[in-house]
Amino acid sequence: MLTTTGAFSGFSVTDLTAATAFYRDKLGLKVTDTGGMGLQLDITGGAPVFVYEKADHVPATFTILNFEVADIDAAVDELVGSGIEMQKYGDYQDDKGIARGKAASQGPDIAWFLDPAGNILSVLCD
């Protein structure tokens, strides 16, 4: 059995300066420079997330980071108000880009957006 003292997730970006501006200024997260290694994102209620720069970064084709919110409509409005474009992946999303899973008893309400490196993020409300 693996003996650990903690765990964290991580993902790459193309530009740490752009990532800092996005995660700190657009999303309002606490962003800490880890001394040239990358960034640490402190997310309420979760383990820290490590973000590192990678010259040949290729965004994943799936959601890498989900933000739980109390009110998905308010969260989407805040994101759009800060200049973030919601992503549309199908006609199952409404005009705001929200897939209303709760209404169809198929999971949480969820909406997706991208960081500057093209990583897929979401807000969801259970």
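One structure accompanies this document, and this report is about it. (Residues numbered from 1 in each chain as written. Predicted model: local features only at pLDDT ≥ 70, side-chain atom pairs only at ≥ 80, totals over all residues. Heavy atoms only, no water.)

Description of the side chain of Asn-119
Under the convention used in this document: A run of H or I in DSSP becomes a helix once it reaches four residues, and a run of E becomes a strand once it reaches two; helices and strands are each numbered from the N terminus. For every residue, the accessible area obtained with a 1.4 Å probe (protein chains only) is divided by the maximum for its type, and the residue is called buried under 20%, exposed over 50%, and partly exposed between those limits. Polar contacts, as used here, are pairs of N or O atoms within 3.5 Å; protein pairs need one atom able to donate a hydrogen and one able to accept it. Residues neighboring in sequence count only if both atoms are side-chain atoms. Contacts are assigned to residue pairs with any non-hydrogen atoms lying within 4.5 Å of each other.
With respect to the helices, strands and loops of the structure, Asn-119 is situated in the loop between strand 8 (109-114) and strand 9 (120-125). Take Asn-119: its relative accessible area is 2%, and that puts it in the buried class. Here Ser-12 takes part through its backbone oxygen, which lies 3.0 Å from a polar atom of the side chain of Asn-119. Apart from residues no more than four positions distant in its own chain, Asn-119 is found in contact with Phe-11, Ser-12, Val-13, His-57, Pro-59, Ala-60, Ile-64, Phe-113 and Leu-114.

Here we look at the pattern of salt bridges
Pairing between side chains of opposite charge can happen when the charged atoms of each approach one another. Convention followed: By convention in these notes, a salt bridge is any Lys or Arg side-chain nitrogen within 4 Å of a carboxyl oxygen on Asp or Glu.
This model, assessed by the stated rule, comprises six salt bridges. Here Lys-96 ties to Asp-73 by a salt bridge, and the two come within 3.2 Å at their closest N and O atoms. Taken together, the residues Lys-96 in the loop between strand 6 (86-87) and strand 7 (98-100) and Asp-73 in helix 2 (residues 72-81) connect sequence positions 23 residues apart. A relative accessible area of 26% places Asp-73 in the partly exposed class. As a salt-bridge pair, Asp-77 and Lys-96 come within 2.9 Å of each other at their nearest N and O atoms.

Observations regarding the sheet that holds strand 2 (residues 30-33)
Stated precisely, the cut-off is as follows: Any two strands between which DSSP finds at least two bridges are classified as paired. As a rule, the C-alpha atoms of each element are fitted with a line to give its axis, helices using only the stretch in contact, and angles between N-to-C directions run from 0 to 180 degrees.
Taken together, four strands build an open sheet; the order of strands is 1-4-3-2 and the sheet is mixed. With one partner strand each, in any of the chains shown, strand 1 (9-13) and strand 2 form the two edges of the open sheet. Looking at each pair of strands side by side, their axes are set apart by 25° on average, direction ignored. Judged from the three bridges that link them, strand 3 (residues 39-42) and strand 4 (residues 49-53) form a sheet pairing that is antiparallel. Paired with Leu-39 across the two strands is Val-51, which belongs to strand 4. Each of strand 1, strand 2, strand 3 and strand 4 is contacted by helix 1 (residues 16-26), which is oriented at about 10° to strand 3, the strand it contacts most.

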